[in-house]
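Now for the letters of each chain:
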Amino acid sequence: MAGGQGRVLELAVLGSLHETPLHGYELRKRLNALLGMFRAFSYGSLYPCLRSLLAQGLIAEEQPAPATIVGGRSKIVYKLTAEGKERLQEMLTQAGPSAWEDESFGVHFAFFRHTEAEVRLRILEGRRSRLEERLDAVRTALARTRERLDSYTLELQRHGLESVEREVRWLNELIATERRASSEERPERDTTSTDE
């Protein structure tokens, strides 16, 4: 799939189907819960995405057994193929700017349990760096324009600034936790390798 939004949806679909096979309605509900927190999700984009993933061999359709059809309508169940699992792992190892931008960070974060520690740390640090750049730009702009803004606009900018500062603090905590976990794992690996 091309484009940033398509890649985010592809990651979300593959990640959701990695958890369990789902029919379209269940998948749509899961994606809405996942993506809805971070950005608007267009239902009109789900089925074209599914068709594309099917055509690429990344997912497969399962027709339910005739005895399980209720109400005369069958529900197609989508499941991840071996190629789809490989593609998901490939996407989860990407730690460049596309992984920490506003559009895709939340989806990457939602699947961190399937992501290697080193990659998680690079994504978190990249996200923090991006937000710190944004903070500097907003602070600079606010300092230059403060006198010309009305009280409501100033309040809105202050609120935005506080939101970004809060996310940076949260990222600092996550990064510290990841580093602690990483440093606790290393001695075990060293000990194991010397015992052999």
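Every value quoted in this text rests on a predicted model; they were computed, and no experiment measured them. (Residues numbered from 1 in each chain as written. Predicted model: local features only at pLDDT ≥ 70, side-chain atom pairs only at ≥ 80, totals over all residues. Heavy atoms only, no water.)

**Student:** Can you break down the sheet that holds strand 1 (residues 22-23) residue by residue, with the values?
**Tutor:** Ordered in space as 1-3-2, the three strands form an open sheet in which the pairing is antiparallel. This sheet does not close on itself; its edge strands, each paired only once, are strand 1 and strand 2 (59-62). (Pairing = 2+ DSSP bridges. Helix = DSSP H or I, 4+ residues; strand = E, 2+ residues; numbered from the N terminus.)

**Student:** If you had to explain helix 4 (residues 82-92) to someone new, which residues and values would you point to?
**Tutor:** For helix 4, every residue scored as buried is listed here: G84, R87, L88, M91 and L92. Buried residues of helix 4, seen end-on, are gathered within an arc of 135 degrees and therefore sit on one face of the element. Set apart from the buried face of helix 4 by more than 90 degrees, the exposed residues are A82 and E86. (Buried < 20%, exposed > 50% of the residue type's maximum accessible area, 1.4 Å probe, protein only. Arc of directions from axis to C-beta.)

**Student:** Give me the lowdown on the environment of Q94, citing residues and values where you can.
**Tutor:** Relative to the helices and strands, Q94 is located in the loop between helix 4 and helix 5 (97-100). Exposure remark for Q94: the relative accessible area of 27% places this residue in the partly exposed category. Aside from chain neighbours lying at most four places away, what touches Q94 is R7, R87, A99, H108, V119 and I123. Engagement of the side chain of Q94 in a polar contact is seen with the side chain of R7, the distance being 2.5 Å. (Contact = heavy atoms within 4.5 Å. Polar contact = N/O pair within 3.5 Å; in protein donor to acceptor, adjacent residues only side chain to side chain.)

**Student:** Can you explain the packing of aromatic side chains? Please cite residues and give values.
**Tutor:** Following the criterion strictly, the structure yields four aromatic pairs and no others. The interplanar angle of 50 degrees and the centroid separation of 5.0 Å between the aromatic rings of F109 and F112 together place this pair among those described as tilted. We classify F112 as buried; its relative accessible area is 7%. Feature note: the residues F105, F109, F112 and W170 constitute an aromatic cluster, connected by ring pairs. (Phe/Tyr/Trp six-rings, centres within 6.5 Å; stacked < 30°, edge-to-face > 60°.)

**Student:** Explain the pattern of salt bridges residue by residue, including any values.
**Tutor:** Under the criterion given, the structure shown has 15 salt bridges. The shortest N-O distance in the salt bridge between R113 and E19 comes to 2.7 Å. Of the two residues, R113 sits in the loop between helix 6 (102-110) and helix 7 (117-145) while E19 sits in helix 1 (residues 4-19), which places them 94 residues apart along the sequence. Between E101 and R130 there is a salt bridge, with its nearest N and O atoms 3.0 Å apart. Taken together, the residues E101 in the loop between helix 5 and helix 6 and R130 in helix 7 connect sequence positions 29 residues apart. Since its relative accessible area comes to 28%, E101 is described here as partly exposed. (Salt bridge = Lys/Arg side-chain N within 4 Å of Asp/Glu carboxyl O.)

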